[in-house]
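Chains, contacts and geometry: an overview
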Amino acid sequence: MAEVRNEGQADDGWDKAAYPNLRAPLGERRSYAAPYESLTFTLITRGGRELTVTLAAQPVFDLNRSVPVSRRIRRRVRHQGGEQALLGLGRRTLESADLRRIDLQTLNNGLDLLQLGASDSGVVPAFWRTVASSGGRFALLCAELQHEAAPGTLLVEVMGGLEQAPPETIAEAIAHFETASLGVILHIAPDASAARRLSGARAQCLAIDFAGVEHETARDWRPASELIGAARLACPQVMLLNLRPDRGLAAQAAGATHAVFAGMAPITA
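These lines cover the structure that appears in this document, whether it is placed above or below. (Residues numbered from 1 in each chain as written. Predicted model: local features only at pLDDT ≥ 70, side-chain atom pairs only at ≥ 80, totals over all residues. Heavy atoms only, no water.)

Overview of unusual backbone geometry
Even without being glycine, Ser 66 reaches a positive phi, approximately 60 degrees. Tracing the backbone through its elements, the reader meets Ser 66 in the loop between strand 3 (50-62) and strand 4 (67-79). A residue is classified by how much of its surface remains accessible, and Ser 66, at 13% relative accessible area, is buried. Even without glycine at this site, Arg 202 takes up a positive phi of about 60 degrees. The topology assignment puts Arg 202 in the loop between helix 6 (192-197) and strand 8 (205-209). For Arg 202, a relative accessible area of 59% corresponds to the exposed category. (Helix = DSSP H or I, 4+ residues; strand = E, 2+ residues; numbered from the N terminus. Buried < 20%, exposed > 50% of the residue type's maximum accessible area, 1.4 Å probe, protein only.)

Section: the state of the cysteines
Inspection of every chain in the model, using the stated rule, returns zero disulfides. Cys 205 forms no disulfide, and the closest cysteine sulfur to it belongs to Cys 235, at a distance of 5.9 Å. (Disulfide = S-S within 2.5 Å.)

Thoughts on the pattern of salt bridges
Using the criterion set out here, one finds seven salt bridges in the structure. With its nearest N and O atoms 3.8 Å apart, the salt bridge here joins Arg 71 to Glu 37. Note that Arg 71 is positioned in strand 4 and Glu 37 in strand 2 (residues 37-44), a separation of 34 residues in sequence. Under the relative-accessibility criterion, Glu 37 is labelled buried at 13%. Linking Asp 103 and Arg 75 is a salt bridge whose minimum nitrogen-to-oxygen distance equals 2.9 Å. Of the two residues, Asp 103 is situated in helix 2 (residues 96-114) and Arg 75 in strand 4; the sequence distance between them amounts to 28 residues. A residue is classified by how much of its surface remains accessible, and Asp 103, at 1% relative accessible area, is buried. (Salt bridge = Lys/Arg side-chain N within 4 Å of Asp/Glu carboxyl O.)

Written as structure tokens, this is what we have:
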């Protein structure tokens, strides 16, 4: 059973059809702050290893309006014994069936955490190896349909392995999730060529983790801005993760539409 550790607040829905006005004063700073909550559950792999999965519902900000409009489930998977023990497992130790179970448990617990209303939206992660298989897609779709507490819009953030998948294969897989109440976000490496390559996937949003992108100084910002611009040319919407709050307006001017900002601590009960 999942253990809820923190308490936060719900946010408004994310209108996927709205694209922001990119003209914003670069020198202006705005405040981005919103509480969020998290929960933790455990899972035993087919190989008998115990995994601890922590989910946190982080606010997603509309960069044009500088307000939280959705929430994104951030997922962290750890092996018993800490990060070093997890690294020692090796990537291929987790089988496709293990990844699917992690995704299904994430979806079920994540929807409980999001508590979507009719006009709300939320983002949940899923591994590409789950989404790429017809069985994995079917399991995710069935789990979403059976969850009574999800009347709003759900966006599936697909991550891991997209760099090796042909764009047409990605487009075919994500088409199954494109309905009135479902959508897909592609989580890509922070690389302009990766963004350009996925223009053929016809996704509605690309997500880029800025934790590994230098964007502190003005000198750093030029390549960061070019990365955002390349992603925006490839896709109607761009969501930046772990963006510095003082780069919100600059990111919007470069073409980003949404952001999850770094340094937001959860409210502790």
